[in-house]
Amino acid sequence: MMEIGLNHYLVLSTILFAIGLVGVMKRKNLLLLFFATEILLNAVNIAFAAISHYYGDLTGQMFAFFVIAIAASEVAVGLGLLIVWYKRHGNIDLDAMTSMKG
Amino acid sequence: MFEAIAFYLFAFLTIAMFYITVTTKHALYALTALAAGMIFISAFFFILGADFLGVVQIIVYTGAVMALYAFGMMFFDTTREVKEKQGNKAIIVGLSTLAAVLIVLIVSAPMISDNIVALYPAIDGVGNIQEIGLVLFTKYLIPFEVAAIMLLVAMVAGIVLAGKKMDISLTLMDAEEIKANEEKNKKVLS
Amino acid sequence: MEKYLYIALFAPFVSSLFSALFTATPKKLFTGIVGSALIITSLISSTILLVYILKGGEPIHVELMTWMATGGLYIPFGFVVDQVSVTMMMVVTLVSSVVHVYSIGYMDHDKGFNRFFAWLSAFVFSMMILVMSDNYAGLFIGWEGVGLCSWGLIGFWFHKESASWAANEAFIMNRIADLGMLIGIFLVYWNTGTLQYDGAFAAFHHLDTATLSWIGIFLFIGAMGKSAQFPLHTWLADAMEGPTPVSALIHAATMVTAGVYLVIRSHELYSLIPSVGLFIASLGTFVALFAASMALVNRDMKRIIAYSTLSQLGYMFAAAGLGAYWVALFHLMAHAFFKALLFLGAGNVMHAMHDELDPFKMGGLKKVMKWTWIMMTIASLALAGIFPFAGFFSKDTILEAAFADHHMVIYGVLLFTAGLTAFYSFRLVALIFHGEERYKLFGIHPHEAYKFMLVGMSPLLILAIIAGIFQQPFFHMVEEILSAHEYHIHSHVTVWIMLLGTQIFVGLAILYAYRKYARSGIEVPDGTSEVENSFVYKLLINQYYIPYFYEEYIVKPYRELSKAFWTEVDLKVVDATVDGIAGVIYGTGEKTRAMQSGNLSTMLKWMVVGLVVLLSLAVVFGLAVRYSDEIGPILSGLGVN
């Protein structure tokens with residue numbers, strides 16, 4: 001218990017990932033859905049950094065770095081789209097967005 | 001020992017913050033909790049010796065991304081309570097738990113952990129930032145450059161999507177057309 | 001010499017294809033003329049080949065190409081011209097040339113003129129394949145081809161319900177017999193490893209009698225269908241629904257003789273199994289008597305002639321069964337000539353009487369149709385076997401063969417049937433051409449047929465008269481290949497008694513027929529006279545109630561059975577299964593359509609479900625790989641390796 005090993009970090013990452021999944025499935029407001037997506041990405045980053053540390057390999061840290069970069073650009077574009085939608089429809093409620101109904 | 005305390009403390013804090021993010025009805029609380037969670041995650045990075053990554057996490061994630069979200073929140077007027085139709089709680093929680101258990105099973109299997117080989121081993125003696133610099137500009141140069149282009153594209157996309165009067169292009173129009181456009185707008189204003 | 005073979009074989013094919021181009025257009029005279037010209041070309045080639053063979057030439061074998069070469073089975077498209085096949089080729093091409101020329105006149109006003117010639121030439125082609133082929137498979141191709149063309153020709157006037165029905169009956173009955181023939185062919189291949197005649201015949205000598213008997217019986221079943229032996233005989237009389245030239249070609253001279261040809265061709269087989277041969281001869285004799293009895297009272301002109309054909313086929317099978325193969329072939333040839341002549345003459349009469357078939361409604365036509373009268377009388381004389389016409393030489397030789405081998409019952413029955421044959425043939429001639437002109441009561445104005453039709457029939461007339469002189473040359477030609485021998489009866493006295501006795505018996509029958517039917521005062525029977533209501537008459541005119549029996553006890557139950565299968569099995573089981581599968585697919589689609597709700601939140605939930613599924617698969621496979629050593633023995637115990 002005292003000795004923190006890789007498994008601790010991985011379990012932590014998994015818990016955070018599961019919390020993120022709950023948020024993704026639960027949230028009906030699109031902005032809050034994006035928040036949950038951020039949680040997912042951060043959980044994965046922790047896992048990458050942990051593995052990188054415990055195996056002495058820098059690949060994990062590089063991956064986490066690029067994940068952060070991608071997350072940033074994703075937020076920018078996502079918010080832009082969200083603004084366009086809001087201007088058209090006045091709300092960002094998921095249950096009202098059903099134009100893709102099959 | 002110190003490491004264990006730090007780990008458990010920050011772990012507890014992070015989980016709490018993220019839990020608040022996904023369950024609260026107030027959007028502002030969710031935003032604040034998310035920002036706090038980001039900071040705590042950077043603490044993890046520092047514990048793991050990934051200094052550069054930790055700093056980048058604070059600057060980019062907490063600083064830039066959360067600022068973006070804050071501006072977005074102002075735009076959408078979500079300071080009031082969000083009314084949400086509740087989905088089936090059992091399915092959501094059940095699925096997530098199942099996913100978590102399975103992932104843990106997979107990653108902690110000795111079969112995986114016994115067979116890992118380090119591709120870019122860390123060099124002892126030098127600091128983390130030097131190491132990252134070494135690897136980033138040699139082995140990961142192309143992803144680096146591509147990421148730069150991607151960021152540029154994202155920036156342009158953000159501006160085009162959200163900006164006003166983005167359908168007309170001042171640089172492509174003649175002087176008379178610009179004047180006519182301004183006259184038209186003036187009339188609208190007055 | 002091979003080129004004559006190809007010309008003889010493919011000229012009818014070209015003619016058929018040419019006429020087939022015009023089947024959808026109104027009558028074009030040149031289809032008939034081109035068709036006839038091509039068939040006459042085939043006739044000339046066959047004659048050249050006949051002269052070549054007569055002069056002692058070697059039989060010609062050609063192999064066009066390989067049809068099947070799979071495993072141990074090798075079947076080529078091979079053709080042979082030897083003494084037997086060249087005889088058949090001559091007969092077929094001669095009669096078909098005459099029929100083609102005749103049809104130009106007979107089908108003059110018919111809308112399907114072009115189609116008729118297409119079918120007719122196709123028939124000739126199939127028949128040529130049948131007689132020229134050098135293996136059983138090629139024979140079977142021709143066999144089926146003539147069956148098909150006969151269907152098309154019998155049902156030529158397809159809008160007539162009775163014609164379509166008769167065509168189907170002919171084809172289906174042939175098909176039933178073909179099953180027997182196919183089994184025979186399979187047995188041949190199975191026991192000898194080849195379907196070529198020479199190979200199979202050589203191998204037959206090494207087989208045991210039981211196998212040979214089965215082969216012989218099954219091949220004969222096929223012959224029974226094609227040559228309308230009892231009990232598969234009903235189609236021949238009904239086949240008279242087709243145009244008369246068709247009856248002349250197919251049901252007198254060529255198709256129905258295919259069965260006899262089969263037995264003659266397989267003579268090496270049948271000479272090894274004399275008991276089967278005796279059965280064939282007995283059946284043939286029975287059919288001869290059976291058919292002759294039905295012809296005695298019939299009131300349909302073409303049917304009488306059809307029964308007469310059936311009777312003569314019985315004669316041919318009797319000869320073949322007794323081992324006198326060359327006699328059967330000779331009788332086949334002679335019979336083709338005078339029977340075709342008889343049918344064509346009947347066609348003239350039908351045309352003149354506006355398709356009236358009842359001879360009781362005719363009479364005294366010899367005044368108007370002189371040439372037809374002469375031709376039909378001579379043909380009937382030939383049929384009755386009067387010296388010196390063709391039938392005498394062939395029929396009497398059959399009687400001699402039966403007598404010489406001491407088959408007295410067969411001899412007696414065949415002799416009696418000869419008398420019956422003479423009687424009903426001249427009953428027909430007398431009723432049609434002699435006596436008073438009963439047709440005037442029905443307001444019919446008959447006239448003779450076109451001159452060119454009569455000229456076209458003349459070769460048959462000449463051959464019906466003189467074919468007897470070919471007996472000796474014919475015998476010498478085929479004696480080697482058919483292991484023929486002349487029939488010697490002990491003493492000359494017996495021979496002369498037999499000959500004269502037969503002639504007197506037949507002559508008396510003819511005179512009796514003339515006396516009964518050529519006088520004036522004959523009325524059209526209308527169902528009330530004493531003769532008509534007698535038991536024997538009723539039995540005979542209803543063809544021994546055999547068609548009735550078939551219809552009631554075979555066709556109807558079979559139809560009910562088919563209907564039951566259709567409703568119970570096909571609709572309820574097969575269709576239900578197919579529809580059920582489709583229904584399941586539709587239902588699944590409908591239900592899973594709910595997944596496409598357009599709601600992002602639902603889609604995200606489904607995404608997580610998919611993620612969980614994939615993770616479980618990863619765990620399962622990981623465990624399988626991890627413990628593969630322990631799992632291996634368990635799985636192989638279950639049968640999976």
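Everything numeric here is computed off the predicted structure, so don't read it as measured data.

What counts and what doesn't
- Residues numbered from 1 in each chain as written.
- Chains lettered and ligands numbered in written order.
- Predicted model: local features only at pLDDT ≥ 70, side-chain atom pairs only at ≥ 80, totals over all residues.
- Helix = DSSP H or I, 4+ residues; strand = E, 2+ residues; numbered from the N terminus.
- Rg over C-alpha atoms; globule rule 2.2 N^0.38 Å.
- Buried ≥ 20, exposed ≤ 12 C-beta atoms within 10 Å, placed from the backbone.
- Contact = placed C-beta atoms within 7 Å.
- Pairing = 2+ DSSP bridges.
- Core = buried A, V, L, I, M, F, W, Y, C linked by C-beta atoms within 7 Å.
- pLDDT = per-residue confidence, 0-100.
- Expected span 1.5 Å × (residues − 1).
- Nonpolar A, V, L, I, M, F, W, Y, C, P; charged D, E, K, R; others polar.
- Axes fitted to C-alpha atoms, helices over the stretch in contact; angles between N-to-C directions.
- Parallel < 35°, antiparallel > 145°, perpendicular 65-115°, else oblique.
- Left-handed = near helix turned anticlockwise from the far one by under 90°.

Caption draft 1: Structural context of the overall build of chain A. For chain A, the count of helices and strands is 3 helices and 0 strands. Mapped in sequence order, the helices and strands of chain A form the string α-α-α. For chain A, whose C-alpha radius of gyration is 17 Å, the value lies well above the compact-globule estimate of 13 Å for 102 residues. Expressed along its principal axes, the backbone C-alpha trace of chain A runs to roughly 55 × 25 × 25 Å. Within the span of chain A, comprising 102 residues, buried residues form 56% of the whole.

Caption draft 2: Highlighting the overall build of chain C. For chain C, the count of helices and strands is 25 helices and 2 strands. Taken over the C-alpha atoms alone, chain C extends approximately 110 × 60 × 50 Å along its principal axes. The burial tally for chain C puts 48% of its 641 residues in the buried class. The long-range fraction of contacts in chain C, counting pairs at least 24 apart against all pairs at least 6 apart in sequence, stands at 81%.

Caption draft 3: Spatial organisation of the pairing of strand β2 (residues 73–81) of chain C. All names here are of chain C. Where strand β1 (residues 60–70) lies against β2, 9 bridges are found, and the strand directions are antiparallel. Of the residues in β2, the one forming a bridge with Glu 63 is Gly 78. Hairpin remark: β1 followed by β2, antiparallel, with 2 residues in the connecting loop; positive phi at Gly 71, about 60°.

Caption draft 4: Examining the nonpolar core more closely. The biggest cluster of nonpolar side chains holds 199 residues, and the ones touching the most others in it are Ala 340, Leu 341 and Ala 464 of chain C. Apart from residues lying up to four places away in sequence, Leu 341 of chain C is in contact with Met 375, Ala 379, Met 457, Leu 460, Leu 461 and Ala 464 of chain C. Membership of the second largest hydrophobic core comes to 69 residues, among which are Ile 39, Ala 64 and Ala 69 of chain A together with Ala 27 of chain B.

Caption draft 5: Examining the confidence of the model for chain A more closely. In the predicted model, chain A carries a mean pLDDT of 88, and 98% of its residues have values of at least 70. Predicted confidence in chain A is weakest over helix α1 (residues 6–26) of chain A, with a mean pLDDT of 90, and strongest over helix α2 (residues 30–55) of chain A, with 92.

Caption draft 6: Inspection of helix α2 (residues 27–47) of chain B at higher detail. In this model, α2 of chain B (21 residues) spans 31 Å end to end at C-alpha, consistent with the 30 Å of a helix rising 1.5 Å per residue. Among all positions of α2 of chain B, only Ala 27, Ala 30, Leu 31, Ala 33, Leu 34, Gly 37, Met 38, Ile 41, Ser 42, Phe 44 and Phe 45 of chain B are buried. Contacts made by the buried residues of α2 of chain B are with α2 of chain A together with α1 (2–23) and α3 (51–76) of chain B. Count one or two residues on from α2 of chain B and you reach Gly 49 of chain B, which has phi positive near 80°.

Caption draft 7: Fine view of helix α5 (residues 136–154) of chain C. The end-to-end C-alpha distance of α5 of chain C is 26 Å, a good match for the 27 Å that 19 residues give at a rise of 1.5 Å each. Among the 19 residues in α5 of chain C, 15 count as buried, and that is most of the element.

Caption draft 8: Molecular detail of the interface of chain B and chain A. Taken residue by residue, the interface counts 70 residues in chain B and 59 residues in chain A. When residues of the side of chain B that touches chain A are traced back to their parent elements, those giving at least two are α1, α2, α3, α4 (89–107), α6 (128–138) and α7 (141–162) of chain B. Here the side of chain B that touches chain A takes 12 residues from α3 of chain B, the largest share from any one element. Each residue belonging to the side of chain B that touches chain A can be placed in one class, and the counts come to 55 nonpolar, 11 polar and 4 charged.

Caption draft 9: Highlighting the packing of helix α17 (residues 390–404) of chain C against helix α18 (residues 408–433) of chain C. Residue and element names in this part refer to chain C. Interaxial distance between α17 and α18 falls to 8 Å at its minimum, and their mutual angle equals 155°. In terms of orientation, α17 lies roughly antiparallel with respect to α18. Regarding α17 and α18, the two cross each other, and that crossing is left-handed. Counted together, Lys 395, Ile 398, Leu 399, Ala 402 and Phe 403 of α17 and Ile 410, Tyr 411, Leu 414, Leu 415 and Ala 418 of α18 form the full contact between these two elements. Considered class by class, the residues forming the contact of α17 with α18 number 9 nonpolar, no polar and 1 charged.

Caption draft 10: Representation of the packing of helix α10 (residues 244–253) of chain C against helix α15 (residues 325–352) of chain C. Residues and elements named next belong to chain C. Relative orientation of the contacting elements α10 and α15 amounts to 160°, with a least axis distance of 9 Å. Our classification of the angle between α10 and α15 gives roughly antiparallel. Note on packing geometry: the crossing formed by α10 with α15 is right-handed. Across the interface between the two elements, Thr 244, Pro 245, Ser 247, Ala 248, Ala 252 and Ala 253 from α10 touch Ala 336, Lys 339, Ala 340, Phe 343, Leu 344, Ala 346, Gly 347 and Met 350 from α15. The residue makeup of the contact of α10 with α15, split by class, is 10 nonpolar, 3 polar and 1 charged.

Caption draft 11: Seen up close, unusual backbone geometry. Residue and element names in this part refer to chain C. Omega for the peptide link from Phe 230 to Pro 231 comes to 0°, which places this bond in the cis form. Structurally, Pro 231 can be placed in the loop between α8 (209–226) and α9 (234–238). Of the consecutive residues Phe 387 and Pro 388, the connecting peptide bond is found in the cis state with omega at 0°. Residue position: Pro 388 is located in the loop between α16 (370–384) and α17. With phi around 55°, Ala 228 is a residue other than glycine that occupies positive phi space. Positive phi, normally seen in glycine, also occurs at Asp 355, with a value near 65°. Note that Asp 355 resides in the loop between α15 and α16.

Caption draft 12: Local environment of the confidence of the model for chain C. With 98% of its residues at a pLDDT of 70 or more, chain C shows a mean pLDDT of 87. Taken together, the chains of this predicted complex give a pTM of 0.70 and an interface ipTM of 0.90.

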